[in-house]
Amino acid sequence: MVNNVRIWIDGHSYHVPERTTILDAAKMAGIQIPTLCYWKGLNEIGACRVCVVEVEGYERLFTACNNTVDEGMVIWTNSKKVREARIVNVQLILSQHYANCTMCTRSGNCSLQKVANDLGIMDSPYEKDIPAQKGNPNFPLIRDYTKCIKCMRCIQVCDKIQNSHIWDVVNTGSRTTVDVRDVYSLEDSKCALCGQCITHCPVNALHERDDTDRVYEAIDDPKKVVIAQIAPSIRTAWGEEFGLSPEVATVERLAEALHMIGFDFILDTDFSADLTIMEEASEFLDHLQHPEDHQFPMFTSCCPGWVRFVKAHYPEFVDQLSTSKSPQQMFGAIAKSYYAKLLQVDPENIYSVSIMPCLAKKQECDIPVMNDACGDPDVDVVLTTREVNRMIRRAYIIPNEIKERALDMPLGLGSGAGNIFGATGGVMEAALRTAYHFATGHNPDPDAFKEVRGMEGWKEEIFDIKGTSVKVAVANGLGNASRLLDALKAGKVQYDFVEVMACPGGCVGGGGQPIHDGKFEAPERADVLYRQDAKNVIRFSHENPSIKEVYQEFLGQPNSEKAHHLLHTDHHAWKMPGEK
């Protein structure tokens, strides 16, 4: 039983549970204490000292985020001493921060900007000491040394959540900063490009490479036919920045916005998610039917952040990855082969844009071997949700005032199974729905495998498929994936099929999604996908008419020679830094 203690905050008495932090106690009392480096449960180190408060009986100020209340404690959150200390602390931070707010993509969504405005800081007496910028501007993840406020959040999320250990504190004293660990440059590291450091950064010290100008250039080229594929998780989040509910921020409304910007055809990655299921489910059944020829478990391969991670940290498992390409890359290959023929367009004149919640997708489309359709890259450029939203604002489009536009056929049709790819467990559930049909000849209940849903970091279940017990596991977040792989190596667990998503919550929590500082939005976004799946008249990938059509007219059957050429890949054909 937790005992309560009596405290005073700003002259009023409150009873709160003992061991409550001053920050949480104030929040219970309806009093907001500003924070900058704080992230509950992850980064509670008081590095920024913006959350300082005055406690009677002590000369020094207390950081509210990591000091707990005591019986009889008297706290002042807005005294003259507190206000002056916060202002000085933020001014010192600003002295080492390149505050070009009007040219910063986080302007209006920057915690430092908000705190400085809230504190009424209009100038600073401290001399500017801006660090020099370095790094490769062509790498998908950009580290802006001129904006880092040394909050340490990137280190914490990379170490504690993703178990990747890319960032570290370097130098000492006033030269202390955050930089890449063990190697000189970020592109030489084992970074999975999950982008969680970006979504946890309170400023713009970490951000995606902006590729919008490349897309505008293609739109302005009269020879180019510019197509866009929209990933499942985009429809859960793109409207957040505009204050739209998921019911209003539909994929059809986004399609209209893209058409207004200048895209020629707007298509659906749900289609190629269904295509992925046809190939991956067939591949998995072959594993089950010929266990002597394969190692178990088979791992999904649709998340490029996960593929980068396993190649860099657990290369012994690379051969157990499905050879199926990701939905993004399958779509690109089909777009520049089958779809080009339907449009009667030279595939080299198709400019294929992928709208994804992910940074690793930017690297994936640049892998040299991802060019199976016509020799050019199957996907020309990847835009994150944030980049697409910037394009919408740049065109002065008001999303809630535009009409909806149907996606273009036949690559604009996807099943509910393809749609749930965006949530952790979605790929597994979709694959099992179709694997069950392939094995038995009839469909299961669409929700027969729903036990794999949910935000738990590592889930496992056993399902019966035609008398065979199939043990599956689902992991989201690379730290959980690491624990699972370690358990497999130690012989503590055994599985037949494993799904891994690099980002916590799956793609809905991807590193390219809209940023809400201090909040984890994946559960709400995943619910959107499951509601859409439940309402979809097509809930199985193999029942998608466009999928049937592409196999009948072009591919033949799953795992055919043509399907293998266009839709499968060799994970050893490219190397991660340091990979042998």
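Residues numbered from 1 in each chain as written. Predicted model: local features only at pLDDT ≥ 70, side-chain atom pairs only at ≥ 80, totals over all residues. Heavy atoms only, no water.

J.: Mind showing me how you'd approach empty space enclosed by the protein here?
T.: The probe, sized like a water molecule, is rolled over the atoms to show the empty space still left. Per the counting criterion, the structure on display carries five cavities of 30 Å³ or more. What the largest cavity holds in volume is close to 250 Å³. In terms of lining, the largest cavity is formed by 22 residues, of which the most central are Cys-302, Met-356, Lys-361, Phe-421 and Cys-507. Those elements that place two or more of their residues in the lining of the largest cavity are α9 (269-289) and α11 (327-343). In terms of residue class, the lining of the largest cavity is made up of 15 nonpolar, six polar and one charged. By volume, the second largest cavity amounts to about 110 Å³. Lining the second largest cavity are 13 residues, with Ser-301, Val-307, Glu-364, Met-370 and His-571 positioned closest to its centre. When grouped by side-chain class, the residues that make up the lining of the second largest cavity number five nonpolar, five polar and three charged. (1 Å grid on protein atoms, 1.4 Å probe; cavity = no way out; pocket = protein on both sides within 12 Å on 5 of 7 lines; lining within 4 Å. Points joined across faces, edges and corners; volume = space filled by probe spheres on them. Helix = DSSP H or I, 4+ residues; strand = E, 2+ residues; numbered from the N terminus. Nonpolar A, V, L, I, M, F, W, Y, C, P; charged D, E, K, R; others polar.)

J.: Could you clarify how one ought to interpret the packing of aromatic side chains in this entry?
T.: The description of an aromatic ring pair uses the distance of the two centres, along with the angle that the planes make with each other. Counting across every chain of the model gives eleven aromatic pairs. With 4.9 Å between their ring centres and 75° between their planes, Tyr-58 and Phe-62 make a pair best called edge-to-face. Accessibility expressed as a relative area gives 45% for Tyr-58, which makes it partly exposed. A cation over a ring is seen here: Arg-143 above Tyr-145, with NZ or CZ 4.4 Å from the ring centre. A cation over a ring is seen here: Lys-562 above Phe-554, with NZ or CZ 4.3 Å from the ring centre. (Phe/Tyr/Trp six-rings, centres within 6.5 Å; stacked < 30°, edge-to-face > 60°. Buried < 20%, exposed > 50% of the residue type's maximum accessible area, 1.4 Å probe, protein only. Lys NZ or Arg CZ within 6 Å of the ring centre and 35° of its normal.)

J.: Explain helix α16 (residues 478-489) to me, please; I cannot follow it from the model alone.
T.: Given 3.6 residues per helical turn, the α-helix brings residues three or four places apart onto the same face. The end-to-end C-alpha distance of α16, which contains twelve residues, comes to 16 Å, matching closely the 16 Å that a straight helix rising 1.5 Å per residue would cover. With nine of twelve residues buried, α16 lies mostly within the body of the structure. The set of residues buried in α16 consists of Leu-478, Gly-479, Asn-480, Ala-481, Ser-482, Leu-484, Leu-485, Ala-487 and Leu-488. On its buried face, α16 sits against α4 (153-161), β12 (298-299), α10 (304-313), β15 (458-465), β16 (468-476) and β17 (497-501). (Expected span 1.5 Å × (residues − 1). Contact = heavy atoms within 4.5 Å.)

J.: Would you take a moment to explain the sheet that holds strand β2 (residues 12-17) for this structure?
T.: Remark on secondary structure: sheet strands pair via backbone hydrogen bonds, oriented parallel or antiparallel. With mixed pairing, five strands are arranged side by side in an open sheet as β2-β1-β5-β3-β4. Whereas interior strands pair on both sides, the edge strands pair on one side only; in this sheet they are β2 and β4 (62-63). Of the strand pairs in this sheet, strand β1 (residues 4-9) and strand β5 (residues 74-76) are connected by two bridges, and their pairing is parallel. Residue pairing for β5: Ile-9 is matched across the bridge by Ile-75. Relative to the sheet, helix α2 (residues 80-95) contacts β3 (52-55) and β5, its axis offset from that of β3 by approximately 155°. (Pairing = 2+ DSSP bridges. Axes fitted to C-alpha atoms, helices over the stretch in contact; angles between N-to-C directions.)

J.: Honestly, the pattern of salt bridges in this entry has me stumped. Any pointers?
T.: Pairs can form between side chains of opposite charge whenever their charged atoms are close. One pass over the structure, following the stated rule, counts 36 salt bridges. Between Asp-168 and Arg-181 there is a salt bridge, with its nearest N and O atoms 3.2 Å apart. With a gap of 13 residues between them, Asp-168 in strand β7 (residues 167-170) and Arg-181 in the loop between β8 (177-180) and α5 (196-199) connect regions that are remote in the sequence. With relative accessibility at 28%, the residue Asp-168 sits in the partly exposed group. The salt bridge partner of Asp-447 is Arg-539, with a shortest N-O separation of 2.8 Å. Taken together, the residues span a long stretch of sequence, with Asp-447 in the loop between α15 (426-440) and β15 and Arg-539 in the loop between α17 (522-535) and α18 (545-555) at a distance of 92 residues. Asp-447 gets classed as partly exposed once you look at its relative accessible area, which sits at 27%. (Salt bridge = Lys/Arg side-chain N within 4 Å of Asp/Glu carboxyl O.)

J.: Where do I start with unusual backbone geometry in this structure?
T.: A negative phi holds for most residues other than glycine; trans holds for most peptide bonds. In this structure, Pro-297 follows Phe-296 across a cis peptide bond, with omega equal to 0°. With an omega of 0°, the peptide bond between Met-409 and Pro-410 qualifies as cis. Along the chain, the position of Pro-410 falls in the loop between α13 (385-394) and α14 (416-419). Even without being glycine, Lys-150 reaches a positive phi, approximately 60°. With respect to the secondary-structure elements, Lys-150 resides in the loop between β6 (141-143) and α4. Despite not being glycine, Asn-163 has its phi angle at roughly 50°, a positive value. Among the secondary structure elements, Asn-163 is positioned in the loop between α4 and β7. A residue is classified by how much of its surface remains accessible, and Asn-163, at 26% relative accessible area, is partly exposed.

Remember, this is a structural readout, not a statement about activity or role.
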